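If you want the building blocks of each chain, they are given just below.
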Amino acid sequence: MSMNNLKKASLAAAATGVMVGTADAARRRRVDRLIGKIKDSSDKVRTEGWLSAGEVGAPAVEPLAKVMTDEDLEVARAAKRALWKIVRHTGRPRAAKEKRAVQTKLLELLGDGQPVSVRREVLWMLSEIGSFKSVKPIAGLLSNKQLREDARMALERIPGRGAVKALKAGLKAAPEDFKLNIAQSLRKRGTDVPGLACVKLVPTKKTNVKPAR
Amino acid sequence: MKQSNQLNRREFLAAAGAAASIPYFIPSTVLAAPGRTGANERLIMAHVGVGGRGGRLFREMKKFRDTGAVKVAAVCDVDETRLAKAAKEAGADVAAYRDYRYILERRDIDAVVIGTPDHWHGVQTVHMAECDKHMYLEKPASCTIEEGKAMVAAVKENRVSVQVGSQGRSQPEAYLAHRYLVNGNIGHISRVDCFHYPSPEDNNPVPDSDPPPELDWDMWLGPLRWRPYNKRYCHGTFRWLLESGGGQIRDRGAHVMSCAMWWMGADGTGPVTVEATGTPPTKGLWDSAVLMEVTYTFKNPDWTLTWTQMPNEEIPPAEERTGKEPGGRIVRPGYGAIYRGDKGQFIHWGGDGGTWAEKKAREWVPPSGAKDVYKSPGHMEDWFKGIKTGAKTIMNIEAAVGAANLCILGNLSYILGRKLKWDQAKQEIVGDEQARRMMSRPQRHPYHL
């Protein structure tokens, strides 16, 4: 490479770096602005904030998840609604790249480090936009007593053979008190589950109210 | 649809080897034709959900009980306070249940009035149909597209009679409006604009808490995913949550759009596109749209249906009335629809299921040769007729699911923020994977279709 070309390449690389840096900074600013609105004390500003969250997309997922457990109920609620707004926006047709990016960020929130309430919400978000990539991490929660029912329902909704395979594997490993739940999902997905009868019509709850005499 | 590996309680106990003594009930249908209650027999009835609207239905049924047309054999509610009150009102020897599934195994019970929150309608309808119970089901019929399909299939397969509580169709002035419109008095109608006042906002949000001791929270949630109790969920306020109620578009859309579909001859048809926008509440637990605009486009024949939740001051004022008109008085006539034809327009007002027709329809005298339309003998009476003769009810399950689907699709478009395409023949959303997934909602074990 000649000296001239080397200089040109260096300049181009530097320019690209500046552009990437600028884009990153712009994204950070958008996220910060969104979080600022979500944490605002005004109902109106918070609502404007969560309504505008869709286009902020994947970079806002983790920061919003942190605010979902804010001690101010309305702030926490606004953060949750903002996250749902992102999920609903990103699930639109012809937005596969955005959807993948949001899915990746959501999957990071399924880990043990997150509060159960956040993980439960994330499972339902993934039930709407999760692809085969979500199946394994969700299936991993079938053994978590607090989250297994939501994980089972999320897998029930995710299309493809991978989700059915994960449910079948989950059934084999499930303790007795959870087998019927997984069987319910497998039947919904068109799979026979011999030996595990459906109990949907079996009453279990007794009342203390006596008929009038 | 009955599943081959499904157990009822008897089979369950037998399978478990329990030496239980099972009472044997003689069904009231025993003297009638197979699967059909005899024309002169008294119907044996149960009520599931006896507070709020369910309580009003219970009191309405007591009038039929007092005439000897029905016998109330059981009441059921997940709230022990409401249940105790209903049991006392029902009188001696009326069984009280917390769990509606005990009613499924009561073979003596012919018919059930379901007045539970919306999120229970699909599951309970399918279960009741599978156990051969006729049903009066409070509207709106279903919460998801999938529920609607399952309900229609179960009712058809088990040949039970269902009346859904869009009782506006059975009102005297609904008949007059219908007759006026089908006789071309406003010409060809190409647009129906439904109007309604806003959904409320939760101005008193509270944190989650333990449920009150009288409430079985697990059973109240039923098929919904589990979440902590919050007193703003229930009882009647479930209507303002998208998941359990869906706001005014579902609560009242099931009345106004029900009439529109019937009068337009559009039962059994559906839109090709649905597009909604709306304004959400700014705080609190409730999340259904406060203000809302939905446009449904129908093809072959081409017409447009809109649903608008608008500020109170924009609602078309109701006509002044004496109260002696056929439709009588209705509470807060704050909703209805404007029918726009090429020769004029016509307004229908409603309020809590009542139906008022504009004066010109009430006073119209049909000329000789005019078309007549079905005149309901009353919503409950029309249901009894359906049970005893097999005739289709005025708000049968197919029509009710059709009306509910309009409400569901409107809310889905609002939630997703985009226009949806609908294939009526396949009963499917087209070309939107996320929306397609939202046509159904996984249900908590064991409360499922």
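Predicted, not measured: the structure shown is a model, and the values here were computed from it. (Residues numbered from 1 in each chain as written. Chains lettered and ligands numbered in written order. Predicted model: local features only at pLDDT ≥ 70, side-chain atom pairs only at ≥ 80, totals over all residues.)

Residues and elements named next belong to chain B. Read from one edge to the other, the open sheet built from nine strands follows the order 13-12-11-7-10-9-8-14-15, with strand pairing classed as mixed. Edge positions in the open sheet fall to strand 13 (354-357) and strand 15 (428-430), since each of these has one partner strand only. Shown here is a sheet whose adjacent strand axes are inclined to one another by a mean of 20°, direction ignored. Sheet analysis places strand 7 (residues 189-196) next to strand 11 (residues 335-341), joined by seven bridges and oriented antiparallel. Pairing of Asp-193 across the sheet is with Ile-338, part of strand 11. Packing of helix 13 (residues 397-416) onto the sheet brings it into contact with strand 8 (273-279), strand 9 (291-298), strand 10 (303-309) and strand 14 (420-423), and relative to strand 8 it is tilted by some 60°. (Pairing = 2+ DSSP bridges. Helix = DSSP H or I, 4+ residues; strand = E, 2+ residues; numbered from the N terminus. Axes fitted to C-alpha atoms, helices over the stretch in contact; angles between N-to-C directions. Contact = placed C-beta atoms within 7 Å.)

Further remarks concern unusual backbone geometry. All names here are of chain B. Residue His-235 is bonded to the preceding Cys-234 through a cis peptide linkage, with omega at 10°. A cis amide bond links Asn-300 with the next residue in sequence, Pro-301, at an omega value of 0°. Following the sequence through the fold, Pro-301 ends up in the loop between strand 9 and strand 10. Positive phi values are uncommon outside glycine, yet Arg-159 reaches one of about 50°. Locating Arg-159 in the fold gives a position in the loop between helix 6 (145-158) and strand 6 (162-164). Look at Gln-427: it is not a glycine, yet its phi comes out positive at around 55°. As for its placement among the helices and strands, Gln-427 is situated in the loop between strand 14 and strand 15. Of the residues examined, Gln-427 has 17 C-beta atoms within 10 Å and is grouped as partly exposed. (Buried ≥ 20, exposed ≤ 12 C-beta atoms within 10 Å, placed from the backbone.)

Counting residues at the interface gives 38 residues for chain A and 49 residues for chain B. Of all elements in the fold, only helix 2 (43-51), helix 4 (73-90), helix 6 (116-129), helix 8 (148-157) and helix 10 (176-188) of chain A reach the threshold of two or more residues within the side of chain A that touches chain B. At five residues, helix 8 of chain A tops the list of elements feeding residues into the side of chain A that touches chain B. A per-class count over the side of chain A that touches chain B returns 15 nonpolar, eight polar and 15 charged. (Nonpolar A, V, L, I, M, F, W, Y, C, P; charged D, E, K, R; others polar.)

It is worth spelling out the nonpolar core at this point. Within the largest apolar cluster, 121 residues are counted, with the highest numbers of intra-cluster contacts made by Met-45, Ala-74, Val-75, Ile-103, Val-112, Met-257 and Ala-260 of chain B. With 14 residues, helix 13 of chain B is the largest single contributor of residues to this core. Once you skip the residues sitting within four places of it in the chain, Val-75 of chain B turns out to touch His-47, Val-50, Leu-83, Ala-86, Ala-87, Ala-90, Val-94 and Ala-96 of chain B. Within the second largest apolar cluster, 49 residues are counted, among which are Ile-38, Leu-83, Ile-129 and Leu-141 of chain A. (Core = buried A, V, L, I, M, F, W, Y, C linked by C-beta atoms within 7 Å.)

All names here are of chain B. For chain B, the assigned domains are domain 1 (9-168) and domain 2 (169-375 + 397-437). If you average the C-alpha positions of domain 1 and of domain 2, the two centres end up 26 Å apart. Put simply, the parts of the chain that give the side of domain 1 that touches domain 2 at least two residues each are helix 3 (80-90), helix 5 (118-130), helix 6 and strand 6. Among the elements that take part in the side of domain 1 that touches domain 2, helix 6 stands out by supplying six residues, more than any other. Per-class residue counts for the side of domain 1 that touches domain 2 are twelve nonpolar, ten polar and seven charged. (Domains from an automatic or database assignment.)

A few words on the pairing of strand 13 of chain B. Residues and elements named next belong to chain B. By the alternation rule, side chains of strand 13 split into Gly-354 and Trp-356 and Thr-355 and Ala-357, which are all buried. In terms of strand pairing, strand 12 (residues 344-351) meets strand 13 through four bridges, oriented antiparallel. Across the sheet, residue Gly-350 finds its bridge partner in strand 13, namely Thr-355.

With that settled, consider the packing of helix 8 of chain A against helix 10 of chain A. Residues and elements named next belong to chain A. Following both chains from N to C, one finds helix 8 and helix 10 inclined at 15°, their axes separated by 9 Å at the closest point. Considering the angle they form, helix 8 stands roughly parallel to helix 10. Considering how the two elements wind past one another, helix 8 and helix 10 form a crossing that is right-handed. Between helix 8 and helix 10, the contacting residues are Arg-148, Glu-149, Arg-152, Leu-155 and Glu-156 on the first element and Phe-178, Asn-181, Ile-182, Ser-185 and Lys-188 on the second. Per-class residue counts for the contact of helix 8 with helix 10 are three nonpolar, two polar and five charged. (Parallel < 35°, antiparallel > 145°, perpendicular 65-115°, else oblique. Left-handed = near helix turned anticlockwise from the far one by under 90°.)

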